[in-house]
Amino acid sequence: MSIAPPPSSPFLSGLLAPVTDERDDHDLRVSGRLPDGLQGMFVRNGPNPQFTPRAKYHPFDGDGMLHAVYFEDGAARYRNRWVESKALGLERERGEALYGGLGEFVMPDPDVMAAAGPIKHTANTHTLRHAGRLFALMEASPPTEISRELDTIGEWTFDGALRGACTAHPKIDPYNGEMIFFGYSGMPPYLRYTVVDASGAIVHYAEIDIPNPVMIHDFAVTEHHVVFFDSPAIFDVKSMLSGGPMMRWAPDEGSRIGVMPRRGTNADVRWFDVPNQYVVHFFNAWDDGDRVEVRAPRFPGLPGGFQFDDPTAAVAPMPWRWSIDLATGSVTDEQTDDRSGEFPRVNDSYATRPTRYLYNCMPRSWELEFEFHGVVKYDTETGGADEWLYAPSEVAGEHAFAPDPNGSAEDDGWLLSFVTDRDTDETVLAVIDARDVASGPVARVHIPRRVPIGFHANWFAE
């Protein structure tokens, strides 16, 4: 099925052009040598619209498609599948797109809205594994459960206990198995907070009072606290319903950081005013006595990707640290490097606890915020950094950390990312030894088709 991009969108061509089939390819060719400890599956989610968009297209609008590489007994195979939804099922029945997008909202027909809701559940942003279940995620809807083979099982509402949406970036505490997430809304309550125990049951819920309906894409979790960045990226329902952008930057509303105990309620949140800023994704956060330490790339304003009338607007984020002193009520912060970057990652085995090594993706430009040309490893103990830059024609995605099962150090493992060559349209899965990032890939798994640029990736060990 071919997709003709509308004239108003540059985001359905080149490396973003969607693919039109689902494949299962075995015994992939490998350049270099696959590490023996790499046993499991790498999964990358992203937008892949099946039908020509009905209205102005934004990359966040596309139907979710999962691309996985499985490592089994020294061999690799590739499989990709659309994430199924009620809305996509209706579009397949009728042979056309039925929903508008974030840059140009179009109310679906009444029968479509009654069957599948006013907003399309694309599940196109991230993946997660918890309590024996795999999920595809977007932040305006419940999680979608998927099988290991990427087949859609259906929406998961925690046996009916879920209230509101689930962020695309839940946090899993590797020490007690809890999953912690939030959901935001354009209607009150604007912010909901949920804790799920290691068995998969919701054990805590709280509604957090914030003054405006804001887009909070990610948050941070420590051993004892959760951290929310309340920045003035405000939903504008009136503009959206009239076909305009759904969000605006309102600097007069100010920015603040909220810190709450992990089992806290609205009454327990402490708010700290800070200069206007926006954080899309966090490296990690941890407790240090009375201080809460946070690490993330920091934007000085609304990221271009969230400016739905012009997603190419360039606003570069820089790596940052915040130290929130709960005893004195003060916040100190500083830029930690002059290399701009995003899609930050750590070894998730150390999530919520002190992290020595941080991994960040570096762009060639900020014309598209998830198109990268290299990766940098920061050592927060020594202040050092090592980087790898791909060839000028190569474009990389997020680098997921795959721990070495035989390792014991925090950086024992590999960084995995899809890399596509603009000149040849060929995609490989690059495998970089996290202990020696500057030496580049130790192996490249050749994918038998171009994998479109997408969003977040994860590693799920066997």
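Residues numbered from 1 in each chain as written. Predicted model: local features only at pLDDT ≥ 70, side-chain atom pairs only at ≥ 80, totals over all residues. Heavy atoms only, no water.

## A few points about the nonpolar core
Where we set the bar: Residues belong to one nonpolar core when they are buried, are Ala, Val, Leu, Ile, Met, Phe, Trp, Tyr or Cys, and are joined through side-chain atoms within 4.5 Å. Accessibility here uses a 1.4 Å probe with only protein chains present; expressed as a share of the type maximum, an area under 20% marks a residue as buried, one over 50% as exposed, and anything in between as partly exposed. Here, residues are in contact when the closest pair of their heavy atoms is within 4.5 Å.
Ranked by internal contacts, the top residues of the largest apolar core, which has 34 residues, are Tyr193, Phe219, Val226 and Met247. Setting aside anything within four residues of it in sequence, one finds methionine 247 in contact with Met215, Ala233, Ile234, Phe235, Asp236, Leu302, Phe306 and Phe308.

## Re the sheet that holds strand β23 (residues 330-335)
Test applied: Pairing between two strands is assigned when DSSP locates at least 2 bridges connecting them. Secondary structure is summarised from DSSP: a helix means a run of H or I of at least four residues, a strand means a run of E of at least two, and numbering begins at the N terminus for each. Orientation is described by axes fitted as lines to C-alpha atoms, over the contacting stretch for helices, and by angles from 0 to 180 degrees between their N-to-C directions.
Taken together, four strands build an open sheet; the order of strands is β20-β21-β22-β23 and the sheet is antiparallel. Among the strands making up the open sheet, the edge pair consists of β20 (284-288) and β23. Taken pair by pair, the neighbouring strands of this sheet meet at an average axis angle of 20°, ignoring direction. Sheet analysis places β20 next to strand β21 (residues 291-298), joined by five bridges and oriented antiparallel. Paired with aspartate 288 across the bridge in β21 is arginine 291.

## Some words on the pairing of strand β13 (residues 202-208)
The side chains of a regular strand alternate, first on one face of the sheet and then on the other. Pairing geometry for strand β12 (residues 191-196) and β13, over six bridges, is antiparallel. The residue bridging valine 196 from the neighbouring strand is isoleucine 202, located in β13. Where β12 folds back on β13, the antiparallel hairpin that results is connected by five residues, among which glycine 200 adopts a positive phi of roughly 100°.

## Notes on the sheet that holds strand β10 (residues 171-172)
Taken in spatial order, the four strands of this open sheet run β10-β11-β12-β13, and their pairing is antiparallel. Edge positions in the sheet fall to β10 and β13, since each of these pairs with one other strand and no more.

## Let's talk about unusual backbone geometry
That bond from proline 188 to proline 189 is cis: its omega, -5°, falls within 30 degrees of zero. Topologically, proline 189 is positioned in the loop between β11 (179-184) and β12. One non-glycine residue, leucine 150, lies in positive phi territory at about 75°. Look at phenylalanine 158: it is not a glycine, yet its phi comes out positive at around 55°.

## Here's the deal with the pattern of salt bridges
Let me state the cut-off plainly: Here a salt bridge means any side-chain nitrogen of Lys or Arg lying within 4 Å of a carboxyl oxygen belonging to Asp or Glu.
If you walk through the whole model with that rule in mind, you get 44 salt bridges. Across the salt bridge formed by aspartate 25 and arginine 23, the nearest N and O atoms sit 2.9 Å from each other. Residues joined in a network through salt bridges with shared partners are Asp24, Glu72, Arg77, Arg79, Arg148, Glu149, Asp151 and Glu462.

## A short note on the packing of aromatic side chains
Rule in force here: Two rings belonging to Phe, Tyr or Trp (six-membered ring only in the last case) form a pair when the distance between their centres is within 6.5 Å. Interplanar angles under 30 degrees mark stacking, angles over 60 mark edge-to-face geometry, and anything in between is tilted.
Taken as a whole and assessed by the stated rule, the structure comprises 17 aromatic pairs. Ring centres of phenylalanine 158 and phenylalanine 181 lie 5.8 Å apart, and the angle between their planes is 25°; on these two criteria the pair is classed as stacked. Highlighted residues: phenylalanine 158 in the loop between β9 (152-155) and β10 and phenylalanine 181 in strand β11, separated in sequence by 23 residues. Residue classification places phenylalanine 158 among the buried residues on the basis of a relative accessible area of 5%. Given a relative accessible area of 0%, phenylalanine 181 falls into the buried group. On the basis of an interplanar angle of 85° and a centroid distance of 5.1 Å, the ring pair of phenylalanine 229 and tryptophan 322 is categorised as edge-to-face. Here phenylalanine 229 is found in strand β15 (residues 225-230), whereas its partner tryptophan 322 is found in strand β22 (residues 318-325), with 93 residues between them in sequence.

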